[in-house]
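Below are the chains, spelled out letter by letter.
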Amino acid sequence: MSRPVLHIGNKQLSSWSLRPWLALRKAGIAFDEHIIPLDRPQSRAALDAASPGGTVPVLETGGVAIWDSLAICEWVAERDPSLWPSDPGVRGQARSVTAAMHSGFSALRHACPMDLCRPPAPIALDDAVRKDVATIQALWAAVKSGDGPFLFGRWSLADAFYTPVAARFHHFAIRLDAPSQAYCDALLADEDYRDWFEAAQREDLLPPGHTHA
Ligand SMILES: N[C@@H](CCC(=O)N[C@@H](CS)C(=O)NCC(=O)O)C(=O)O
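Since the structure is predicted, the reported quantities are computational estimates derived from the model, not experimental observations.

Peer 1: Help me understand the packing of helix 1 (residues 15-27) against helix 9 (residues 191-202), please; the structure alone is not making it clear to me.
Peer 2: Helices that pack against each other are described as a pair by the angle of their axes relative to one another and the distance between those axes. Where helix 1 meets helix 9, the closest approach of the two axes is 10 Å, and the angle between their N-to-C directions is 130°. Here helix 9 runs oblique to helix 1, going by the angle between their axes. The way helix 1 lies across helix 9 gives a crossing that is right-handed. For the pair formed by helix 1 and helix 9, the contact residues are S17, L18, W21, L22, R25 and K26 on the first element and D192, Y193, D195 and W196 on the second.

See below:
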């Protein structure tokens, strides 16, 4: 069977793409990646050609296209169940915090888009963004468990979903409590994330006139 292909957006900008890319790396699944540059005149046609959902990420495998970052991560976890915690209760918590990120925190997402080439600097945060930041830290404190620097000790899919959040916190210099900062430091020091980050620094895919948020 041919290798799966993961269609992703620019590594600099595509927070959704980073999640399944990390999951595939952690599972040790060989895959090819194909970058669709975002926010360009030809992006819409390329996205529609690659994705039934018209968005990236998309995983092409065995003749089907699976889109949506969580669906792809679950496909990966079916092949490597160790990507979720083994205890059913803890696994439920991991899925809860993952779902919270997947469907929420829109104020943070809009005010602080992921841009891995943005020099770290604070901006004025409105109440809704501050509430998201506080909620995320409270969620992390409520579920942190296990031995190891990640949310459930060893790396899990919950960490895939919060790595782009850690990047937003870093690039917008958002002040965090000490345990949250330590968790973000661990996510951003992860060797697979560093590979993605370094590739983002070498990319030259921005649309003309792009400015950092
Ligand atoms: N819920 C989707 C969201 C995917 C998404 O919005 N991707 C963005 C790139 S980061 C995209 O494809 N934007 C292009 C567009 O919507 O035109 C997921 O989890 O994969």
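The discussion continues.
Peer 1: Just checking my understanding: could you explain the environment of I36 for this structure?
Peer 2: Along the polypeptide, I36 turns up in the loop between strand 2 (32-35) and helix 2 (43-50). Using a relative accessible area of 2% as the deciding quantity, one classes I36 as buried. For the pair I36 and S15, spaced 21 residues apart in sequence, the C-alpha separation works out to 14 Å.

Peer 1: What is the right way to read unusual backbone geometry from this model?
Peer 2: Most peptide bonds take the trans form, and the phi angle of most residues other than glycine is negative. In this structure, the amide linkage connecting V56 to the following residue, P57, adopts the cis form with an omega of 10°. Considering the arrangement of structural elements, one finds P57 in the loop between helix 2 and strand 3 (58-61). For D39, which is not glycine, the phi torsion reads 60° and is therefore positive. You can see D39 is positioned in the loop between strand 2 and helix 2. The exposed category is assigned to D39, whose relative accessible area is 60%.

Peer 1: Even after reading the chapter, I still don't get the pattern of salt bridges, so can you show me in this structure?
Peer 2: Between side chains of opposite charge, a pair can form as their charged atoms come close. Per the counting criterion, the structure on display carries eleven salt bridges. The closest approach of N and O atoms between R44 and D48, which form a salt bridge, is 3.1 Å. Here R44 and its partner D48 are both found in helix 2, four residues apart, which amounts to about one turn of the helix. A salt bridge links E198 to R194; its shortest N-O distance comes to 3.9 Å. In this pair, E198 and R194 both sit in helix 9, four residues apart, roughly one turn of the helix. Relative accessible area serves as the criterion here: at 36%, E198 is assigned to the partly exposed category. Note on R194: relative accessible area 31%, which makes it partly exposed. Sharing partners across several salt bridges, the network here consists of R25, K26, D190, D192 and D195.

Criteria and cut-off values
Residues numbered from 1 in each chain as written. Predicted model: local features only at pLDDT ≥ 70, side-chain atom pairs only at ≥ 80, totals over all residues. Heavy atoms only, no water. Axes fitted to C-alpha atoms, helices over the stretch in contact; angles between N-to-C directions. Helix = DSSP H or I, 4+ residues; strand = E, 2+ residues; numbered from the N terminus. Parallel < 35°, antiparallel > 145°, perpendicular 65-115°, else oblique. Left-handed = near helix turned anticlockwise from the far one by under 90°. Contact = heavy atoms within 4.5 Å. Buried < 20%, exposed > 50% of the residue type's maximum accessible area, 1.4 Å probe, protein only. Salt bridge = Lys/Arg side-chain N within 4 Å of Asp/Glu carboxyl O.

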